[in-house]
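# Summary of structural features
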Amino acid sequence: PGIDLPAFEGPTLALLPNPNDPAGLILVIGGRNAAEAATAATALAFGRAALAGQQALVEAPAPPPRRPYDAPRWIPTDRPVRFGELLDPDELISRGYAPGPVTVPIRTAPDLYVARGGGIPVAVGFRAPPGPVADIRVSRLDLAFSGFFLKSLPFRGSVGPWPISWLAEQVGWPPTVQHGGTAVPPFLISGQNELQARFDMRPLNRGDCAAIPGDVQGAIDPDSTIDFSGAYRFAVLPNLAFFGSAGFPFTRLADLSGTAAVLPDRPSAVEVSAMLEIVGRLAATVGHPATGLAVVFPGALQEVAARDLLVIGTLGRQSALGPLLRGAGAPIRVEGARISLALPDRMAAFRHMLARSAGTATTEAELNRASVRLTAPPDGFGALFAFESPLRRGGSVVVATAAVPGGLEAVLRTLRSPELLPQVQGDLVVVSGSNRVEAFRTGVAYWHGSLPFWLWPEFYLGRRPEVLLGVLLIACLLVALPVRRVLRSRAARRLRARSTRGPA
């Protein structure tokens with residue numbers, strides 16, 4: 001009441017006075033029909049239109065189709081990327097003898113696979129304070145990746161006394177920019193990381209009567225690089241850690257055109273709010289509006305069979321869970337307002353053991369522990385679980401559900417908490433209203449992406465040490481048996497030769 005809506009002549013954005021707050025405004029996104037309202041919302045999401053005044057007719061841009069892994073906030077992975085592309089040059093300067101770190105944001109999808117013994121190469125150039133200021137014997141540049149120490153790069157000083165030092169200066173030694181390198185282990189890459197470079201400098205002792213300069217500066221060279229081009233896109237799913245940190249695999253396409261959100265037939269305000277918050281997190285991760293997202297109800301699952309599914313709804317209201325879980329063969333079952341875990345029989349246990357070749361490590365003890373937790377869930381609990389889509393081989397399904405609406409809020413609170421988010425792992429996460437988070441691995445894994453054929457033995461045997469021992473045993477037999485036959489043949493010939501010569 002009290003709002004004087006403008007006459008819509010097309011997709012419209014308007015700012016109107018709030019009748020309930022003299023200092024407030026109301027943003028109106030509208031049109032003559034639902035399609036025009038959606039067009040106005042899309043134009044606002046992209047924010048490229050030149051807007052002025054209190055009301056504007058807008059047109060939605062026609063962005064080109066997104067390619068996999070081309071999110072605006074993710075760094076390219078097909079070439080070395082300069083630090084100068086990620087930060088302004090002023091942000092690469094460090095001031096003082098023991099300053100805070102220079103932090104370079106590293107955002108990319110976490111499904112990276114590097115050959116064993118390799119890593120993501122980082123080439124760092126840096127400028128130490130000029131002149132006799134820092135004690136090069138103990139001063140250094142420390143490199144870390146999301147708090148994990150990588151390497152220390154020592155400072156280089158002058159070369160010998162004059163005239164040796166003078167001659168070295170004529171040929172450019174020591175160089176103005178000093179260089180060093182290291183490699184980031186791929187298991188540290190979670191999707192939203194930071195490369196930290198910290199100057200640790202000690203002042204040079206110049207005598208009791210000499211002042212120590214205080215305003216010293218070190219700088220990271222903007223031409224320093226990190227190079228993901230040698231990594232392959234391959235991951236073992238389901239992995240809720242990937243979903244929590246980078247929204248993967250849904251964020252593989254930045255506009256979420258490979259994703260469908262499945263809501264109950266009559267979604268409540270809590271369920272719609274949960275869907276909007278989760279989708280907003282995914283869009284914020286990639287830096288692109290979720291204009292390609294499909295939102296459907298359980299009866300339209302076949303229409304989105306080619307997409308990854310994000311299923312949201314409280315237990316007993318989300319009718320899509322039953323057929324999806326039965327079709328996927330997942331051990332999780334939904335019965336009314338309860339979640340249960342179907343413990344495997346002997347043959348299923350044998351299949352679980354074989355599935356470890358895909359990277360899972362599900363054990364009977366882990367399944368029993370998850371079953372006990374689901375048998376007596378905490379009050380107001382929420383759950384997040386993932387499995388392979390039964391509608392498409394290699395497709396992913398992530399479910400956010402709860403017994404009561406407050407449980408959905410507990411799941412969302414976990415996803416937005418920097419302290420609780422690292423505990424989101426495996427394929428089943430149970431969250432209580434008291435912020436207790438428990439993670440389990442219960443199902444069979446599947447592969448996402450591809451590897452060249454020469455890396456498959458390394459991938460397979462690296463997760464099956466017992467198979468590797470068997471291969472080594474077979475290799476020893478294949479080598480030993482022919483060698484034994486050759487040696488026995490030589491011994492027989494030697495005995496025959498002795499018998500023909502007779503006794504000595």
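Only a predicted model underlies this, so the values are computations on that prediction, with no experimental measurement involved.

## Side note on the sheet that holds strand β1 (residues 12-18)
Reading across the sheet, the 3 strands line up as β2-β1-β3 and stay open at both edges, with antiparallel pairing between neighbours. In this open sheet, the two strands that pair with only one neighbour each are β2 (21-30) and β3 (55-57). On average, each strand axis in the sheet is tilted by 15° relative to the strand beside it, whichever way the strands run. Pairing geometry for β1 and β2, over 7 bridges, is antiparallel. Note on β2: the bridge partner recorded for Ala14 is Val28. Packed onto the sheet, helix α1 (residues 34-46) meets β1 and β2 and runs at close to 115° relative to β2.

## Focus on unusual backbone geometry
At the junction of Leu237 and Pro238, the peptide bond is cis and its omega measures out at 5° in the coordinates. Relative to the helices and strands, Pro238 resides in the loop between β15 (232-237) and α4 (240-246). Going from Phe248 to Pro249, the amide bond is cis rather than trans, its omega being 10°. In this fold, Pro249 is placed in the loop between α4 and β16 (259-262). You will see that Ser146, though not glycine, has its phi angle at about 50°, which is positive. Assignment of secondary structure puts Ser146 in the loop between β9 (140-145) and β10 (148-154). In this structure, Leu256 takes a positive phi of about 60° despite not being glycine. Its relative accessible area of 0% is what places Leu256 among the buried residues.

## Quick look at the confidence of the model for the protein chain
Within the protein chain, residue pLDDT values average 84, and 86% of them lie at 70 or more. Taken together, the stretch residues 356-361 has pLDDT below 50 and engages in 20 contacts with residues farther than four places along the chain or on a different chain.

## Some points on the environment of Ser190
Along the chain, Ser190 turns up in the loop between β11 (178-184) and β12 (192-200). On the accessibility criterion, Ser190 (26% relative accessible area) is partly exposed. A C-alpha to C-alpha distance of 9.6 Å links Ser190 and Leu112, two positions 78 residues apart in sequence. Excluding its chain neighbours within four sequence positions, the residues that come into contact with Ser190 are Pro110, Ser245 and Ala246.

Here is what the cut-offs are and how they apply
- Residues numbered from 1 in each chain as written.
- Predicted model: local features only at pLDDT ≥ 70, side-chain atom pairs only at ≥ 80, totals over all residues.
- Heavy atoms only, no water.
- Pairing = 2+ DSSP bridges.
- Helix = DSSP H or I, 4+ residues; strand = E, 2+ residues; numbered from the N terminus.
- Axes fitted to C-alpha atoms, helices over the stretch in contact; angles between N-to-C directions.
- Contact = heavy atoms within 4.5 Å.
- Buried < 20%, exposed > 50% of the residue type's maximum accessible area, 1.4 Å probe, protein only.
- pLDDT = per-residue confidence, 0-100.

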